[in-house]
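# Chains, contacts and geometry: an overview
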Amino acid sequence: MLLPAKTALVTGAAKGIGKGIALQLAAQGCDVAINDYGDASGAEATASEIRALGRQALVVLANVGDAREVDGMFHAVFKEFPRLDILVNNAGVQTWKPLLDLEEREWDRTIATNLKGCYLCTQRAARHMKEHGGGRIINIGSGCNKIAFPKLVDYTASRGGIEMFTKVAAVELGPYRITVNCVAPGAIETERTKTEAADFAGTWANLTPIGRVGTPADVANAVVFLAGESSGFITGQTIWVDGGLFSKPAWPY
């Protein structure tokens, strides 16, 4: 085990990448607090799988974009666990619309969940970690940290903001032995992405130099590395888990 007796909080962990991260952290020795907002049954299912691995699991339903709910979530986590060693800011939403059609309420929802949620959770976790000798914070970004995603302007803005937030947080929190890094996935096959195209895996595998799409486990492996002792001198960085997809430019020949 790489993370024995550690405690982690993973936001947006009812399904997809968040669930994969939570399960991999548990497999490496972590007790895990599972956050989600609208999928209580999914969060409970993730928790059940963690308990089957012999680790403790706590489900905390909260909107990470709401400061009061975030405060309540951390209160519940600290009531259940003596300390928090690892925070994974994974919760995210998006709106599939052109810029000219995007509504203000849709923009606000995405920015609040993805970017404000990252800020609120990082701030609360870091205050605790500062008093307990350090910790690890891993933010989940996206390929749109690097290139524009058409019809996903709110999502692109939020994930790009997370990358710069990661850098600033790393600089400010480093003196407290808190590392802050970003993991940016490429085309990852999940319940959601399977609905985006008739053949999501085949479509994106053809564009990815490695020749396949990614899985939640691919992302989770990078998170586990950044959460462990081997990454102690790495902070403020973005690790691309994309099979080379976003390093490959449009090339005419």
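Coordinates for the structure precede this section.
Since the model is a prediction, treat every value here as computed from it, not as a measurement.

## Looking at the side chain of Glu-106
Within the fold, Glu-106 resides in helix 4 (residues 104-131). Residue Glu-106 is classed as buried on the basis of its relative accessible area, which comes to 11%. Side chain to side chain, Glu-106 and Lys-97 meet in a polar contact 3.0 Å long. Non-local contacts of Glu-106, meaning those with residues more than four positions away in its chain, are made with Thr-95, Lys-97, Asp-101 and Asp-154.

## Overview of empty space enclosed by the protein
Throughout the structure, instances matching the rule amount to 1 cavity of 30 Å³ or more. For the largest cavity, the calculated volume is near 40 Å³. Listing elements by their share of the lining of the largest cavity, those giving two or more residues are helix 4 and helix 5 (153-173). Grouping the constituent residues of the lining of the largest cavity by class yields 5 nonpolar, 6 polar and 1 charged.

## Things to note about the pattern of salt bridges
Under the criterion given, the structure shown has 9 salt bridges. We note a salt bridge from Asp-39 to Lys-15, for which the minimum N-O separation is 2.8 Å. Taken as a pair, Asp-39 in the loop between strand 2 (31-36) and helix 2 (40-52) and Lys-15 in the loop between strand 1 (7-10) and helix 1 (16-27) lie far apart in primary sequence, 24 residues in all. A salt bridge links Arg-212 to Asp-218; its shortest N-O distance comes to 2.9 Å. For Arg-212, a relative accessible area of 43% puts it in the partly exposed group. Three or more residues joined by partner-sharing salt bridges are found here, namely Lys-97, Glu-103, Arg-105 and Glu-106.

## Some details on the packing of aromatic side chains
Applying the stated criterion to the full structure yields 3 aromatic pairs. Between the aromatic rings of Phe-74 and Phe-78, the centroid separation amounts to 5.9 Å while the plane-to-plane angle is 45 degrees, which identifies the pairing as tilted. Here Phe-74 pairs with Phe-78, and both are found in helix 3 (residues 67-80), just 4 residues apart, close to one helical turn. Residues Phe-149 and Phe-246 carry aromatic rings whose centres are separated by 5.8 Å and whose planes lie at 40 degrees to one another, so their mutual orientation is tilted. Pair noted here: Phe-149 is in the loop between strand 5 (135-140) and helix 5 and Phe-246 is in the segment after strand 7 (238-241), with a separation of 97 residues, a long-range link. Residue classification places Phe-246 among the buried positions, given a relative accessible area of 11%.

## Some words on helix 5
An ideal rise of 1.5 Å per residue puts 30 Å on 21 residues; helix 5 measures up with 30 Å between its terminal C-alpha atoms. Inspection of helix 5 places Asp-154, Tyr-155, Thr-156, Ser-158, Arg-159, Ile-162, Glu-163, Thr-166, Ala-169, Ala-170 and Leu-173 among the buried residues, and these make up the whole buried set. Structurally, helix 5 contributes buried residues whose contacts are with helix 4, strand 5, strand 6 (178-185) and strand 7.

## Things to note about the environment of Tyr-119
Inspection of the secondary structure puts Tyr-119 in helix 4. Here Tyr-119 falls in the partly exposed class, since its relative accessible area comes to 37%. For the pair formed by Tyr-119 and Ala-169, sequence separation is 50 residues and the distance between their alpha carbons is 9.3 Å.

The rules we used
Residues numbered from 1 in each chain as written. Predicted model: local features only at pLDDT ≥ 70, side-chain atom pairs only at ≥ 80, totals over all residues. Heavy atoms only, no water. Helix = DSSP H or I, 4+ residues; strand = E, 2+ residues; numbered from the N terminus. Buried < 20%, exposed > 50% of the residue type's maximum accessible area, 1.4 Å probe, protein only. Polar contact = N/O pair within 3.5 Å; in protein donor to acceptor, adjacent residues only side chain to side chain. Contact = heavy atoms within 4.5 Å. 1 Å grid on protein atoms, 1.4 Å probe; cavity = no way out; pocket = protein on both sides within 12 Å on 5 of 7 lines; lining within 4 Å. Points joined across faces, edges and corners; volume = space filled by probe spheres on them. Nonpolar A, V, L, I, M, F, W, Y, C, P; charged D, E, K, R; others polar. Salt bridge = Lys/Arg side-chain N within 4 Å of Asp/Glu carboxyl O. Phe/Tyr/Trp six-rings, centres within 6.5 Å; stacked < 30°, edge-to-face > 60°. Expected span 1.5 Å × (residues − 1).

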